[in-house]
Amino acid sequence: MTATTISLSWTQPGSAVDSYTVSYTYTIRQCGSGVMSGSEEISDGNARSFMLSGLEEDSDYTITLTANSAVGTLVSNQVSATTSTAAPSGGPSSVTFGDSNLTSITVQWGEIPCSERNGEITGYTVEYSSTDPPHSGSLTVSGANTRTSVVGGLLPSTTYTFSVRAQGASSATATSGTTATTRHTGTTIVLLIGLLVR
C-alpha cells in the first residue's frame, strides 16, 4: 500500500468465475469530505490479485470484491485500508506582506487547499534571498495554523524573494513565493547657517 495504491489478493472461489468487480468507498481524511465511491472491472476470471491505483492520499477506503459468473455473483466481505500520506501537491494559497522596516518584513500566507495537502501539514519553512547584494536565510514555523512570521536580520533597501514551503507529514514540501523590499535608509540633511553681525 502506498499513498495512491492498494494491493488486493484473494483465493479461488468454489466455482468458475468470468470476471471480478472491485467496488470501494472512501473519505479524504484532511478534507472531512463526504463518502465517495468508485469501482474497477477485472476481465480475467483467473485473476487472484489486483492493484487499485490512482487513489487519494491519506484517505480511508472500504473495499469489496464481487465474483461474476454465468450462475450469479458472489460478494466478498468488506476490507478497510488507509492510503499513506504524501508530499503536499500545492503550496500555500497566497503569500503577502504586512509591516516592514529597515531590517524586517512580516510574511503572511494562506492555507493549502485540502485536496492538495495529501496528509497533515506539520509546519512551514520561510525562505528568503536577495541578489543585490547576495543575502539569504530561512526560518521554521511550527504547526499548521500559524501562517504568519516576522523575518528579521534583513538588509535595508533590498529586494528579497520569499518562499513559503509547506512541511507535510511525509517531510516532503511544496512552495509558494513572491517578492518584497525592505524600507530605504533615512537620510538626514543638516543645514549650517552662519550669522554675520556687522
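As shown above, the structure is provided for reference.
Since this is a predicted model, take the numbers as computed values, not measurements. Every chain is numbered on its own, with residues counted from 1 as its sequence reads. This being a predicted model, a pLDDT of at least 70 is required before a residue's local features are given, and a value of 80 or more before pairs of side-chain atoms are given or counted; all residues contribute to the totals for chains, interfaces and linings. For the side-chain quantities, the full set of heavy atoms in the structure was used; hydrogens and water were omitted.

(A) Highlighting the environment of Leu8. Going along the chain from the N terminus, every DSSP run of H or I of four or more residues is numbered as a helix, and every run of E of two or more is numbered as a strand. Checked against the element boundaries, Leu8 lands in strand β1 (residues 6-9). The spatial distance from the C-alpha of Leu8 to the C-alpha of Leu52 is 7.5 Å, given a sequence separation of 44 residues. Setting aside residues no more than four positions away along its own chain, Leu8 makes contact with Val22, Arg48, Ser49, Phe50, Leu52 and Ile63. When checking whether two residues touch, look at their non-hydrogen atoms; a contact exists if any pair is within 4.5 Å.

(B) Fine view of unusual backbone geometry. Here the bond from Asp132 into Pro133 is cis, since omega is 0 degrees, no more than 30 degrees from zero. Within the fold, Pro133 resides in the loop between β10 (121-131) and β11 (134-142). One non-glycine residue, Asp58, adopts positive backbone phi at about 50 degrees. For the exposure calls, accessible area comes from a 1.4 Å probe over protein chains only, and a residue counts as buried if that area is under 20% of its type's maximum, exposed if over 50%, partly exposed in between. The exposure class of Asp58 is buried, given its relative accessible area of 6%.

(C) Geometry of the pairing of strand β2 (residues 19-28). With respect to burial, β2 is a largely interior element, 7 of its 10 residues being buried. When β2 meets strand β3 (residues 36-42), the two strands line up antiparallel, connected through 7 bridges. Following the sheet pairing, Val22 is matched in β3 by Glu40. When DSSP finds at least two bridges between two strands, those strands are taken to pair.

(D) Region of the structure containing the layout of surface pockets. Site definitions follow a grid-based scheme: protein atoms alone, a 1 Å grid, a 1.4 Å probe that fits but cannot get out for cavities, and for pockets an open set with protein on both sides within 12 Å along at least five of seven lines, plus lining residues having an atom within 4 Å of a point. Grid points are joined across faces, edges and corners, and a volume is the space filled by probe spheres set on the points. The volume enclosed by the largest pocket comes to roughly 330 Å³. Taken together, 21 residues line the largest pocket, and the ones lying closest to its centre are Ser9, Trp10, Leu65, Ser76 and Asn77. For the lining of the largest pocket, the secondary structure elements donating two or more residues are β1, β2, β5 (59-69), β6 (72-75) and β7 (79-82). Within the lining of the largest pocket, the residues separate by chemical class into 13 nonpolar, 8 polar and no charged. When residue character is reported, Ala, Val, Leu, Ile, Met, Phe, Trp, Tyr, Cys and Pro are called nonpolar, Asp, Glu, Lys and Arg charged, and the others, Gly included, polar.

(E) Region of the structure containing the packing of aromatic side chains. Geometry of aromatic contacts follows a simple scheme: Phe, Tyr and Trp rings, the Trp one being its six-membered ring, pair when their centres are within 6.5 Å, and the pair is stacked under 30 degrees between planes, edge-to-face over 60, tilted otherwise. This structure, assessed with the given rule, holds 9 aromatic pairs. Seen from their ring centres, Tyr26 and Tyr61 are 4.9 Å apart, and the 15 degrees between their planes marks the pair as stacked. With Tyr26 in strand β2 and Tyr61 in strand β5, the pair connects residues that are 35 residues apart, well separated along the chain. Pair check on accessibility: Tyr26 and Tyr61 agree, each one buried. In this structure an aromatic cluster arises from ring pairing among Phe97, Tyr128, Tyr160 and Phe162.

(F) Geometry of the pattern of salt bridges. Salt-bridge detection follows one rule: a side-chain nitrogen of Lys or Arg within 4 Å of a carboxyl oxygen of Asp or Glu. Here the structure, examined in full by the defined rule, presents 4 salt bridges. Of the charged contacts, one joins Arg117 and Glu111 as a salt bridge, the two residues approaching to 3.6 Å between their closest N and O atoms. Classification of Arg117 as buried rests on a relative accessible area of 16%. Owing to a relative accessible area of 42%, Glu111 belongs among the partly exposed residues under this scheme. As a salt-bridge pair, Arg165 and Glu127 come within 3.3 Å of each other at their nearest N and O atoms. Here Glu127 lies in strand β10 and Arg165 lies in strand β13 (residues 159-168), a separation of 38 residues in the sequence.

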